[in-house]
Amino acid sequence: MTKKIYHFVSHYPCSLICITLIWVLSLTPFFPETPLDDVAFIDKWTHLVMYGGTCSVMWWEHVRHTHLSRRRQTIHFSLLTILFLVALGGLMELLQAHCTTTRSGEWLDFWADSLGVVLGTLVGLLIFTLQSKKN
């Protein structure tokens, strides 16, 4: 188990930072007002970018450390990444709804998280495809 944790931390440090940021930003009690508060659905766009960006970073690090001939491993990685990030989005919404007093869990936030994961996966597959053609 320790070897797997070391592998993840050493091969996916940027992903780990993104996941930590999601935890911190999702559970922070308040945010200061910004000029972007007037943008329609800014909260949903933020969720989409956070989860899509994290998924893309995970793919980028995966492609960096995986031999491109291991297609089966990439499919496995893709499924695990999707399941992990969608579950993380759901967990964050549940924690916001039940464990904080200043945040609320919303279904639309969860759907924005999930859409971000799908878009991030598409970006990741594009990165993988471009890298495999390059080699």
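This report concerns the structure included in the present document.

Scoring rules and cut-offs
- Residues numbered from 1 in each chain as written.
- Predicted model: local features only at pLDDT ≥ 70, side-chain atom pairs only at ≥ 80, totals over all residues.
- Heavy atoms only, no water.
- Helix = DSSP H or I, 4+ residues; strand = E, 2+ residues; numbered from the N terminus.
- Buried < 20%, exposed > 50% of the residue type's maximum accessible area, 1.4 Å probe, protein only.
- Lys, Arg positive; Asp, Glu negative; His and termini not counted.
- Salt bridge = Lys/Arg side-chain N within 4 Å of Asp/Glu carboxyl O.
- Polar contact = N/O pair within 3.5 Å; in protein donor to acceptor, adjacent residues only side chain to side chain.
- Contact = heavy atoms within 4.5 Å.
- Core = buried A, V, L, I, M, F, W, Y, C linked by side-chain atoms within 4.5 Å.
- Phe/Tyr/Trp six-rings, centres within 6.5 Å; stacked < 30°, edge-to-face > 60°.

**Some remarks on the side chain of E61**
With respect to the helices, strands and loops of the structure, E61 is situated in helix 3 (residues 42-65). Within the buried set, E61 has no salt-bridge partner at all; the shortest N-O distance to an opposite charge, 4.5 Å, is to R64. Side-chain polar atoms of E61 contact the backbone nitrogen of C14, separated by 2.8 Å. Residues within four places of E61 in sequence aside, it is in contact with H11, Y12, P13, C14 and S15.

**Overview of the nonpolar core**
The biggest cluster of nonpolar side chains holds 16 residues, and the ones touching the most others in it are I22, Y51, W59, L85, L88 and M92. Within the residue set of this core, elements represented by two or more residues are helix 2 (13-27), helix 3, helix 4 (71-99) and helix 5 (107-134). Of the residues forming this core, the biggest block, six residues, is contributed by helix 3. Every residue in contact with W59, bar those within four places of it in the chain, is listed here: T74, F77, S78, G120, T121, G124, L125 and F128.

**Some points on the packing of aromatic side chains**
Aromatic ring pairs are reported here in terms of the distance separating the ring centres and the angle at which the planes meet. Scanning the model with the defined rule gives five aromatic pairs in all. An angle of 20° between the planes, with centres 5.3 Å apart, marks the rings of F8 and Y12 as stacked. Residue classification places F8 among the partly exposed residues on the basis of a relative accessible area of 28%. Ring geometry for W107 and F110: centres 6.1 Å apart, planes at 85°, overall edge-to-face. Of the two residues, W107 and F110 are both situated in helix 5; the distance of three residues between them amounts to about one turn of the helix. Its relative accessible area of 65% is what places W107 among the exposed residues.

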